Amino acid sequence: MAFTVTLHTAGPLPPAESLAEWLTQQGEPFEPEGPHHLGLRALPVRLVVEEEEGAIRAQIDINPTVPIMRLIDLLFDLSVVAGADVRLAGSGAVNRPALWMHLADEQ
């Protein structure tokens, strides 16, 4: 099942290069997939930096082997870096437990 999580901020959004550097510091392997796209290799996540909208979109593909807690930790740590709220498409703003429930229900 696919989910979209959006990290929307009113302030300046870090560019994709900064997110790539942050992912490297976190030890999270990724592949650049274009100037504004980063595909994570260890998690089924693709990050899209939408500078004009002031948002980072995380496209998530949940399957039975995804380590959900690691995924949630990554998304909420990224939200701190971006200074953004975590919003699940179709549900609005979510906290860690609510996001965990949504993803675990689909897993």
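**Student:** It is not clear to me how a negative patch on the surface should be interpreted in this structure. Could you clarify?
**Tutor:** On the surface, E17, E51, E52 and E53 cluster together into a patch of negative charge. Along the chain, E52 falls in the loop between β4 (45-50) and β5 (55-61).

**Student:** Looking at this structure, how should I read the nonpolar core?
**Tutor:** A general feature of soluble globular proteins is that nonpolar side chains tend to end up buried together. Formed by 35 residues in total, the largest nonpolar core has its most connected members in V5, L47, I60, L71 and L99. For this core, the secondary structure elements donating two or more residues are β1 (2-8), α1 (16-26), β3 (37-40), β4, β5, α2 (68-82), β6 (85-88) and α3 (96-106). Top contributing element to this core by residue count: α2, with 8 residues.

**Student:** What's the story with a nonpolar patch on the surface in this structure? I'm lost.
**Tutor:** The grouping of M69, W100 and M101 at the surface amounts to a nonpolar patch, some 300 Å² of accessible area in total. If you trace the backbone, M69 turns up in helix α2. Among the residues examined, M69 registers a relative accessible area of 45% and is labelled partly exposed.

**Student:** Hey, could you run me through the pairing of β3 in this one?
**Tutor:** Where a strand is regular, its side chains alternate between the two sheet faces. Sheet topology places strand β2 (residues 30-32) next to β3; 3 bridges connect them, and they run antiparallel. In the strand pairing of β3, P32 is matched with L38. Hairpin connection, β2 to β3: the antiparallel pair is bridged by 4 residues, and G34 has positive phi, about 140°. Relative to β4, β3 is paired through 3 bridges, and the arrangement is antiparallel. Considered in β4, the bridge of H37 is made with V48. If you look at the hairpin formed by β3 and β4, you'll find 4 residues sitting between the two strands.

**Student:** Help me understand the environment of I72, please; the structure alone is not making it clear to me.
**Tutor:** Positionally, I72 belongs in helix α2. The exposure class of I72 is buried, given its relative accessible area of 0%. Spatially, the C-alpha atom of I72 lies 18 Å from that of T24, the residues being 48 residues apart in sequence. When neighbours within four sequence positions are excluded, I72 is seen to be in contact with R96, L99, W100 and L103.

**Student:** Would you take a moment to explain the pattern of salt bridges for this structure?
**Tutor:** Pairing is possible between side chains of opposite charge, provided their charged atoms come close. Throughout the structure, instances matching the rule amount to 7 salt bridges. A salt bridge links E50 to R57; the shortest N-O distance between them is 2.6 Å. Taking the relative accessible area as the measure of exposure, R57 reaches 23% and is therefore partly exposed. Note that D73 and R96 form a salt bridge whose closest N and O atoms lie 2.8 Å from each other. With a gap of 23 residues between them, D73 in helix α2 and R96 in helix α3 connect regions that are remote in the sequence. Overall, the relative accessible area of 32% leaves R96 in the partly exposed class.

Here is what the cut-offs are and how they apply
Residues numbered from 1 in each chain as written. Predicted model: local features only at pLDDT ≥ 70, side-chain atom pairs only at ≥ 80, totals over all residues. Heavy atoms only, no water. Patch = residues over 30% accessible without salt bridge, like charges linked within 9 Å, V, L, I, M, F, W, Y side chains within 5 Å. Areas by Shrake-Rupley, 256 points an atom, 1.4 Å probe, with all protein chains shown as cover. Salt bridge = Lys/Arg side-chain N within 4 Å of Asp/Glu carboxyl O. Lys, Arg positive; Asp, Glu negative; His and termini not counted. Charge placed at Lys NZ, Arg CZ, Asp CG, Glu CD. Helix = DSSP H or I, 4+ residues; strand = E, 2+ residues; numbered from the N terminus. Core = buried A, V, L, I, M, F, W, Y, C linked by side-chain atoms within 4.5 Å. Buried < 20%, exposed > 50% of the residue type's maximum accessible area, 1.4 Å probe, protein only. Pairing = 2+ DSSP bridges. Contact = heavy atoms within 4.5 Å.

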